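Geometric and topological summary
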Amino acid sequence: MAFLRLGSKSEAFRREGQAWHCTSGLPSDVTIEIGEMSFYLHKFPLISRSGLLAKLIKESSNDDVSVCVLQLNDIPGGAKAFELVAKFCYGVKIEITPLNIVSLRCASEYLQTTYEYGEGNLIAQTESFLNDVFRNWTDTIKALETCEEVLPHAEELHIVSRCINSLAMKACTDTKLFNWPVSENDHEDTTGAEVWNGICTGSKTQPMTDDWWYEDVSFLSLPLYKRLIQAVEAGGMSPENVAGALMFYAKKYIPLMNRQASFKDAASRSKSGSTISTPSEGDQRALLEEIMELLPNQKGVTETRFLLRLLRSAMMLQASPSCRENLERRVGLQLDQAALDDLLIPNMGYSVETLYDIDCFQRILDHFMSIDQASSAPSPCILEENQLMEGSNSLTSLTMVANLVDSYLSEVAPDVNYKFPKFQSLAATIPDFARPLSDGIYRAIDIYLKAHPWLTDSEREQICRLMNCQKLSLEACIHAAQNERLPLRVIVQVLFFEQLRLRTSVSGWFFVSDNLDNSQSTTLHGGNRNTNTANRRGSSIEDMRERVAELEKECNSMKQEFKKVVKTKKKWNVFCGRKSECDLNSVNPSKLLPPQVNERKNQKNGDSR
């Protein structure tokens, strides 16, 4: 830390309670009162250095009073700053540091200690030392923190703006390009340096990261911190670094940003032995709203997890509706980057119905869908390559959000107070093409039906229309075929589409098999050089035949499972009386296969006979 020593005389003052006495041996002829503190001094040393004191002493001398009494309650820095000024006037040794330079500079300006009252007067000395302070990062922060004590005077002398501009310039310096030219030794990392006999050999400073300044400036008050953030933005700092600094500041002073913190917990951080207590709810609310306004608007700059925690804290602190709406909009802008745990925001309304704030998630999802639809509007013209890439990215984001919505529905579905219209509205917000598989939405529907057994048949059919039976996996189809909570029509659709998919798969395999046969015959006419290839293709045909046999077994097992379902359904009796194409009892697995399969089977049986 930088310092400046002035004066050459030894200590000439003695403190007795709330009074300072000069020990020069001469009787005091002037008394200066500052609050409860009194200074018993002499006129000549004061009028030779201070224009204000010379004026006040001259005016009071007309009263024919032996001892002049002056009131200086408005002096910046109070009695502590005036003590240093008085010692300077007497030529006593004083030490100026970054912790007292601001108050001393303001006090010297207030007392008019200009060069007209002596060479090297206090204004010139303090101004010169201030310029040295601005060259040092740590000293500048200390000086800026002390500006709070004399803020109006420091603003008038532009000390605050000079400190902030100095810090902003250093924070915006590219540390990789300049190898940290603005830092002091306390910012250098000599990890891994070898020490021999007390001497550091081969020490190399580690490169500084972009967040090196977050901790240092976090001790500033909100008004000064806000001005610093605006200054670094104007200085060209990247939005990612600005957002990172704001996130660090918010987590430090808003305990609710941490999951395990509460209003009763003392959020403290120690720096130089100091402790910071937890701000009040009103201060936290004001800070949160200010942080929200300072965050960059670009998508992806601020972490989605941080925005969601900020939204949760805003609800608990009862922030303004505009602040919460802005947060919901920002989360919706990058919902594809969110995690399920962060979206499960507890319901904090007065009329609590559901455990989680599902309405809030619905609004966030609506923001995302409106932005996604606006950015991926279809066009009849031929798209360029970059437009195709944008459309692909948009579909990927939509698919990620669809999986997120399905997982969210599965989490909130067990809530018995979750109304059917809200479940249906939230699930229907995602279009069908955004779900490559319907397993997620099927799981959510199944959990909801289990937790709400009082739903009518009509409501069960409506909720099942939210999933596409053709997109269910084999495991989901097997589960759905045995699910008694599903309507009968849905079970039939699941089984029908599964057998249709089975038939399509088998047809595709035998189409490939025919091509392999033709290729094999052509190869045989070509000579013995392709014999090994033909053998490999022949083995592939045998593998396909085995796969067909396995598929027939699976089809028979599905038919048996379907019979079990029929026995448990009373309404199935009417349905069984009809001869429908969907009746699996009348379906022969071999009829679902293409003619090539039956021909090959007959041919194989004839060969065996």
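Figured I'd write up the structure that's included with this text. Small disclaimer: the values here were computed from a predicted structure and weren't measured. (Residues numbered from 1 in each chain as written. Predicted model: local features only at pLDDT ≥ 70, side-chain atom pairs only at ≥ 80, totals over all residues. Heavy atoms only, no water.)

1. Comments concerning the sheet that holds strand E6 (residues 68-71)
Strand order in the open sheet formed by 5 strands is E2-E3-E5-E4-E6, and the pairing between neighbours is mixed. Whereas interior strands pair on both sides, the edge strands pair on one side only; in this sheet they are strand E2 (13-16) and E6. Taking the axes of each pair of neighbouring strands and ignoring which way they run, one obtains an average angle of 20 degrees across the sheet. Direction of pairing for strand E4 (residues 30-34) relative to strand E5 (residues 37-41): antiparallel, over a ladder of 5 bridges. Looking at E5, one finds that glutamate 33 is bridged to serine 38. Strands in contact with helix H2 (residues 51-60) are E4 and E6; relative to E6, the strand with the most contacts, it is inclined by about 130 degrees. Across the face of the sheet, helix H3 (residues 78-90) comes into contact with E2, strand E3 (19-22), E4 and E5 while running at roughly 10 degrees to E5. (Pairing = 2+ DSSP bridges. Helix = DSSP H or I, 4+ residues; strand = E, 2+ residues; numbered from the N terminus. Axes fitted to C-alpha atoms, helices over the stretch in contact; angles between N-to-C directions. Contact = heavy atoms within 4.5 Å.)

2. What about helix H11 (residues 222-234)?
Residues separated by three or four positions in an α-helix point in the same direction, a consequence of the helix having 3.6 residues per turn. With 13 residues, H11 extends 18 Å between its outermost C-alpha atoms, agreeing within 8% with the 18 Å of an ideal straight helix rising 1.5 Å per residue. Listed in full, the buried residues belonging to H11 are Leu224, Tyr225, Leu228, Ile229, Ala231 and Val232. Projected onto a plane normal to the axis of H11, the buried residues spread over an arc of 160 degrees and lie on a single side. Residues of H11 that are exposed and angled more than 90 degrees away from the buried face: Pro223 and Ala234. Positive backbone phi, approximately 95 degrees, marks glycine 236, located one or two places after H11. (Expected span 1.5 Å × (residues − 1). Buried < 20%, exposed > 50% of the residue type's maximum accessible area, 1.4 Å probe, protein only. Arc of directions from axis to C-beta.)

3. Some thoughts on the pattern of salt bridges
In total, this model carries 15 salt bridges according to the counting rule given. Of the charged contacts in the structure, one is a salt bridge between arginine 227 and glutamate 155, with a shortest N-O distance of 2.5 Å. Placement of arginine 227 in helix H11 and of glutamate 155 in helix H7 (residues 151-156) is noted, with a sequence separation of 72 residues between them. The partner of glutamate 328 in a salt bridge is arginine 363, and the shortest N-O contact between them spans 2.9 Å. Remark: arginine 363 occurs in helix H17 (residues 358-375) and glutamate 328 occurs in helix H15 (residues 321-333); sequence separation between them is 35 residues. (Salt bridge = Lys/Arg side-chain N within 4 Å of Asp/Glu carboxyl O.)

4. Some points on the environment of isoleucine 491
Structurally, isoleucine 491 is set in helix H23 (residues 488-525). Along the chain, isoleucine 491 and alanine 480 lie 11 residues apart, while their C-alpha atoms are 6.5 Å from each other.

5. As for the environment of asparagine 297
Mapped onto the fold, asparagine 297 is located in the loop between helix H13 (281-294) and helix H14 (304-316). Of the residues examined, asparagine 297 reaches a relative accessible area of 56% and is grouped as exposed. Taking C-alpha positions, asparagine 297 is 9.8 Å from alanine 243, a pair spaced 54 residues apart along the chain. Not counting the four nearest positions on each side in its chain, asparagine 297 is found in contact with Arg330 and Leu333. A polar side-chain atom of asparagine 297 sits 2.5 Å from a polar atom in the side chain of arginine 330. (Polar contact = N/O pair within 3.5 Å; in protein donor to acceptor, adjacent residues only side chain to side chain.)

6. Comments concerning unusual backbone geometry
Phi at glutamine 112 takes a positive value of approximately 60 degrees, unusual for a residue other than glycine. Within the secondary structure, glutamine 112 sits in the loop between helix H4 (101-110) and helix H5 (122-133). One non-glycine residue, histidine 158, lies in the positive phi region at around 60 degrees.

7. Some points on the packing of helix H20 (residues 439-451) against helix H21 (residues 457-464)
Across the interface, H20 lies against H21 with an axial gap of 10 Å and an inter-helix angle of 165 degrees. The angle between the axes of H20 and H21 places the two elements in the roughly antiparallel class. Seen from above, H20 lies across H21 with right-handed handedness. Contact residues: H20 offers Ile445, Tyr448 and Leu449, while H21 offers Arg460, Ile463 and Cys464. When the residues that make up the contact of H20 with H21 are grouped by side-chain class, the tally is 5 nonpolar, no polar and 1 charged. (Parallel < 35°, antiparallel > 145°, perpendicular 65-115°, else oblique. Left-handed = near helix turned anticlockwise from the far one by under 90°. Nonpolar A, V, L, I, M, F, W, Y, C, P; charged D, E, K, R; others polar.)

8. Comments concerning the packing of aromatic side chains
Across all of its chains, the model carries 11 aromatic pairs by this definition. When the centroid spacing of 4.8 Å and the interplanar angle of 50 degrees are considered together, the rings of tyrosine 249 and tyrosine 253 count as tilted. Taken together, the residues tyrosine 249 and tyrosine 253, both in helix H12 (residues 239-253) and 4 residues apart, mark about one turn of the helix. The rings of Trp20, Phe39 and Phe82 are connected pair by pair, giving a single aromatic cluster. Geometry around phenylalanine 219 places lysine 252 over its ring, the cationic atom sitting 3.2 Å from the centre. (Phe/Tyr/Trp six-rings, centres within 6.5 Å; stacked < 30°, edge-to-face > 60°. Lys NZ or Arg CZ within 6 Å of the ring centre and 35° of its normal.)

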